[in-house]
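Architecture at a glance
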Amino acid sequence: MQIRLSGILCQATGGASTVEVSGATIGDILTSLVQKHPAIQEHLDDGVAVAVNGEIYRDRRDQVIPEGSEVFLLPRIEGG
Amino acid sequence: MPYETDYTNQKFSVIGNRVNRPDGVDKVTGRARYGADASAAGQLVGKILRSPHAHALIKKIDTSKAEKLPGVKAIVTGDDFPDFTGGNRSLMDTLENCMARGRALYDGHAVAAVAAVDAQTANEALKLIKVTYKKLPHVTDVDEAMKPSAPVVHDWIRTAGIEPAPTTASNISQRNEFGHGDIDVGFAEADVIIEKTFKTEQTHQGYIEPHACLATLGPDGSGELWVTTQGHFTFRNMCASLLGLDVAKLKVTSSEIGGGFGGKTHVWMEPVALQLARKSNRPVKLVMTREEVFKATGPTSSTSVDVKIGAKKNGRITAASAELRYQSGAFPGMWGMLGAMTSFACYDLKHVKSVGYDVLCNRPKVAAYRAPSAPMAAFGVESVIDLLAAELKMDPVEFRIKNAAKKGTRASYGPIYGPIGIGPTLEAVKNHPHMKKRLGKNQGRGVACGFWFNFGGQTCTDLNIGIDGSVNLTVGTVDVGGSRASLALIAAEELGVDYDQVRVTIGDTSSLGHNDTTEGSRGTFSSGMATIFAARNAIDVMKQRAADTWGIPVEQVVWEEGVARAKGRQNSNLPPLSLKEIAAKSPRTGGPIAGHNEVVADGAGVSFASHICDVEVDPETGSTRVIRYTVVQDAGKAIHPDYVEGQFQGGAAQGIGWALNEEYIYGEDGTLQNAGFLDYRIPVCSDLPFIDTEILEIPNPNHPYGVRGVGETSIVPPLAAIGNAVSNAVGVRMTHVPMSPPRILKAIEDAQ
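What you see is a predicted model, and the numbers here were worked out from it, not measured in a lab.

**Describing helix 13 (residues 422-430) of chain B**
All names here are of chain B. Taken together, the buried positions of helix 13 are occupied by Ile422, Thr425, Leu426, Ala428 and Val429. Along helix 13, the residues classed as buried sweep out an arc of 160 degrees about the axis, all on the same side. In this structure, the buried residues of helix 13 make contact with helix 12 (396-403), strand 16 (443-452), strand 24 (607-617), strand 25 (624-634) and strand 26 (691-696).

See the structure below:
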């Protein structure tokens, strides 16, 4: 599947806004992404959010990604 | 055992009632204990010496005279805070913000602190500390700070998000771009294009309770912190990291909180209090003055924003772009990025681009303020939306409805939306009686939309049932807006007991697993979810006790309306067992009955609101009075409607102050000129009309009760709604917040 990226995260993928990754859960695809682009690890350590079909997950790495989902990596968001 | 988080559309018997809040009597009688209300035997008074300069090298700090003053027990400076951050830049920024390390970066930056036997001695000691400064050039304006000639706040900053990576320092910590399509193509298709620049000044959350704490820290590294905070678990982790402590040895208890709105999500002086306690081996109480709160905690960004939107004559937007420059204070932040992400989130746009810049200045470290960064972006975007509607001779609400995002729209920040509520809020605005009220002379009406993300996060709760059947629910999310009432309602609903039977306590950090801070509108969403599951966990225990009592398999027991019932004809002779009966027998049936849950509560769902505002502007003085205000927002299921409405009204009230009056004013020397409520005017009751509310209950599919966060979104539209109303009243487009009387008069004069 493809994971899409935006903002400053693209810098860690050499400017690529989509990366082909594999895995069944959010944790799996993030591992796959790091294997392809190790520079993204720094951002994962700072915190990211993952949108699966528009639903934003900040913390759940065990979230299963349904077949055909759109997956979007976002910077972690702070609230007030 | 994991429980399903999906919305189930269950019928409620308790949820939705407007019950009395459990903390109400304590608060109105003065019995509630806030940050400054704790004391300990032998406690000292902590005071902080702060930089009088906007930017200065600290050449020397001589504490010798202060140390000799009788009654002074400890003095700390930057040298007393060794680096335990392990190279974590964000942690080091926090540490350096709590206590300067060689340079004072803004007016009010802490440079030393004293613990003494009383306040008089501590203040005397501060006067005896001699700091030798060398003043450095400073910058406090966001646009000035971006210029290549500007004084650089940190020489290690290289702008992230730019290719090739810069090799020289700048005040721009990062650039973030979001969007899709091709805006050049989109603007080429437009019949009308409007482009404007907007500015918003820095504001403070303005919580009434100043920061306060009582700290103890012994030589063995064990300590306690009583503190006003939105997140005591986060404070524990942060203080332990900064001071080299074991997390488990620091117990943090959250006091009642007199407002936070994002400003109490970060540590400011708590590590200083702990370090003073460690050095003196005595408890240290540290309470900020209002001046310190303004100068040395975390206000929101001042901003400078360019917005350009194009549309066809038929009212369809063809392209939108924005450049958003957010001042983050003396340390890097993510505020420009959030502004860029939220700016166009309300609209369905084929071609969109937003670029956010985070910019350092010699001002205090910016913190979150209720839907951080979104109100300033909305001010620019919603103003241009109104201008476009006027140019196209369309009703501004119809124009928004025509272009509103919906299920399947690609959000300007990236993902495709699921079911969302912007359309229904706009339809509700269109049909609201407020829109039909005739306006008088010098009056104007404005409408604006707003978006915020919301989130959930790590949550842990305990639910204990006493032998009399009363219920004690312990949660770890600080109650900033009435969540104890909401959570008691949820526990009562699940267990089938009366609301009054449930007491909710905010547990300290030693009593529960980690809970994320109450931010991101997460308190009732996430602790509500954990409460449901903890109650179901306790029900499982009670069903087993009933089954054991009856001598039947637990599978034959159901829980209905607060009682265990044995299912099936073969069990028809078994009378139901109530929660109270099961609880009374618990010592002899297996011991205490408790439920527990830890959950990562994700799936909070994005949130939208639309506001209507009527103002009257005095053309002689430029003074603005808000005469009517209506908030429409999607709340998901409103657990306790009073508190949902309270959040809506509170956000609008803060937005009114921000839009019309509030402003950090810096002098030429870079020092803050109005660090007090006399000169920084927040709205009081007499400034505000009754703020009407309409709750839309569109269920969140990712919460068993359909709950969404409600606390933040209501502050997003007010700047723009009021800006549009004032502009319509005076006939001149307002582009600078706050729209204070001098600014309104100047805008009128300039137009003439």
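**Some details on the interface of chain B and chain A**
Tallying the contact residues gives 47 residues for chain B and 23 residues for chain A. Carbon and sulfur atoms make up 56% of the surface buried where chain B meets chain A, a total of about 2,500 Å² over both sides. Looking only at chain B, the three residues that lose the most surface to chain A are Pro415(B), Phe455(B) and Asp602(B), adding up to 20% of its buried area. The interface formed by chain B and chain A includes one salt bridge. Notably, a salt bridge pairs Glu70(A) with Arg410(B), separated by 2.5 Å at the nearest N-O pair. Our count for the contact surface shared by chain B and chain A stands at 16 residue pairs in polar contact (both at pLDDT 80 or more). Those elements that provide at least two residues to the side of chain B that touches chain A are strand 7 (172-180), helix 10 (335-342) and strand 17 (457-465) of chain B.

**Overview of the pattern of salt bridges**
The tally for this structure, following the rule as stated, stands at 43 salt bridges over all chains. Each of Arg21(B), Asp23(B), Lys27(B), Glu256(B), Asp479(B) and Arg484(B) takes part in salt bridges that share partners, so that together they form one network.

**Here's the deal with the packing of aromatic side chains**
In this description, a pair of aromatic rings is defined by centroid distance and the angle of the planes. Residues and elements named next belong to chain B. In total, this model carries 16 aromatic pairs over all chains according to the counting rule given. Residues Phe12 and Tyr705 carry aromatic rings whose centres are separated by 4.8 Å and whose planes lie at 65 degrees to one another, so their mutual orientation is edge-to-face. Of this pair, Phe12 sits in the segment before helix 1 (24-29) while Tyr705 sits in the loop between strand 26 and helix 18 (718-730), placing them 693 residues apart in sequence. The buried category is assigned to Tyr705, whose relative accessible area is 0%. Taken together, a centroid distance of 4.8 Å and an interplanar angle of 55 degrees make the contact between Phe294 and Tyr680 tilted. Residue Phe294 is found in helix 9 (residues 290-296), and its partner Tyr680 is found in the loop between helix 17 (641-660) and strand 26; the two are separated by 386 residues along the sequence. Note on accessibility: Phe294 and Tyr680 belong to one class, buried. When the ring centre of Trp226 is taken as origin, the NZ or CZ atom of Arg33, which lies over that ring, is 4.6 Å away. Cation over ring: Arg89 sits above Trp156, and NZ or CZ is 3.9 Å from the ring centre.

**Examining the nonpolar core**
Ile309(B), Tyr413(B), Tyr417(B), Tyr629(B) and Ile722(B) are the most contacted members of the largest nonpolar core, which totals 97 residues. The biggest single contributor to this core is helix 11 (residues 374-391) of chain B, with ten residues. The residues contacting Tyr413(B), other than those within four sequence positions of it, are Ser6(A), Ile56(A), Phe72(A), Leu74(A), Phe178(B), Met341(B), Ala345(B), Phe451(B), Phe453(B) and Val606(B). Judged by nonpolar contacts, the second largest core, of 52 residues, contains Val497(B), Met542(B), Trp550(B) and Ile639(B).

**Notes on the domain arrangement of chain B**
All names here are of chain B. Here chain B is described as being made up of domain 1 (24-32 + 456-601), domain 2 (35-136 + 210-257 + 264-296) and domain 3 (303-454 + 605-751). Here domain 1 and domain 3 have C-alpha centroids that lie 39 Å from each other. Across the contact, 17 residues belong to domain 1 and 16 residues belong to domain 3. Approximately 1,200 Å² of surface area, both sides summed, lies buried where domain 1 meets domain 3, with 66% of it carried by carbon and sulfur atoms. The interface formed by domain 1 and domain 3 holds zero salt bridges in total. In this assembly, domain 1 and domain 3 are joined by six residue pairs in polar contact (both at pLDDT 80 or more).

**A few points about the side chain of Asn176(B)**
Relative to the assigned elements, Asn176(B) resides in strand 7. For Asn176(B), a relative accessible area of 0% puts it in the buried group. Polar contacts involving the side chain of Asn176(B) include one to the main-chain amide nitrogen of Ile8(A), which spans 2.6 Å. Not counting the four nearest positions on each side in its chain, Asn176(B) is found in contact with Gly7(A), Ile8(A), Met337(B), Ala340(B), Ser354(B), Val355(B) and Gly356(B).

**Structural notes on the sheet that holds strand 3 (residues 72-77) of chain B**
All names here are of chain B. Taken in spatial order, the seven strands of this open sheet run 3-5-1-12-9-10-11, and their pairing is mixed. Each edge of the open sheet carries a strand with a single partner, namely strand 3 and strand 11 (250-254). Going across the sheet, the axis of each strand differs from the next one's by a mean of 20 degrees, ignoring polarity. Here strand 1 (residues 44-50) runs beside strand 5 (residues 110-116); their pairing, made up of six bridges, is antiparallel. Bridging from a neighbouring strand, Ile48 pairs with Ala113 of strand 5. With respect to the sheet, helix 4 (residues 119-128) is in contact with strand 1, strand 3 and strand 5, its orientation differing from that of strand 1 by roughly 25 degrees.

**A look at the sheet that holds strand 1 (residues 2-5) of chain A**
All names here are of chain A. The strand order 2-1-5-3-4 describes an open sheet built from five strands, whose pairing is mixed. Each having just a single partner strand, strand 2 (18-20) and strand 4 (55-57) make up the two edges of the open sheet. Strand-to-strand twist in this sheet, taken as the mean axis angle between neighbours without regard to direction, amounts to 30 degrees. Pairing between strand 3 (residues 48-52) and strand 4: three bridges, direction antiparallel. Among the inter-strand pairings, Val50 is bridged to a residue of strand 4, identified as Tyr57.

Rules behind the numbers
- Residues numbered from 1 in each chain as written.
- Chains lettered and ligands numbered in written order.
- Predicted model: local features only at pLDDT ≥ 70, side-chain atom pairs only at ≥ 80, totals over all residues.
- Heavy atoms only, no water.
- Buried < 20%, exposed > 50% of the residue type's maximum accessible area, 1.4 Å probe, protein only.
- Helix = DSSP H or I, 4+ residues; strand = E, 2+ residues; numbered from the N terminus.
- Arc of directions from axis to C-beta.
- Contact = heavy atoms within 4.5 Å.
- Buried area = accessible area lost by both parts, 1.4 Å probe.
- Salt bridge = Lys/Arg side-chain N within 4 Å of Asp/Glu carboxyl O.
- Polar contact = N/O pair within 3.5 Å; in protein donor to acceptor, adjacent residues only side chain to side chain.
- Phe/Tyr/Trp six-rings, centres within 6.5 Å; stacked < 30°, edge-to-face > 60°.
- Lys NZ or Arg CZ within 6 Å of the ring centre and 35° of its normal.
- Core = buried A, V, L, I, M, F, W, Y, C linked by side-chain atoms within 4.5 Å.
- Domains from an automatic or database assignment.
- Pairing = 2+ DSSP bridges.
- Axes fitted to C-alpha atoms, helices over the stretch in contact; angles between N-to-C directions.

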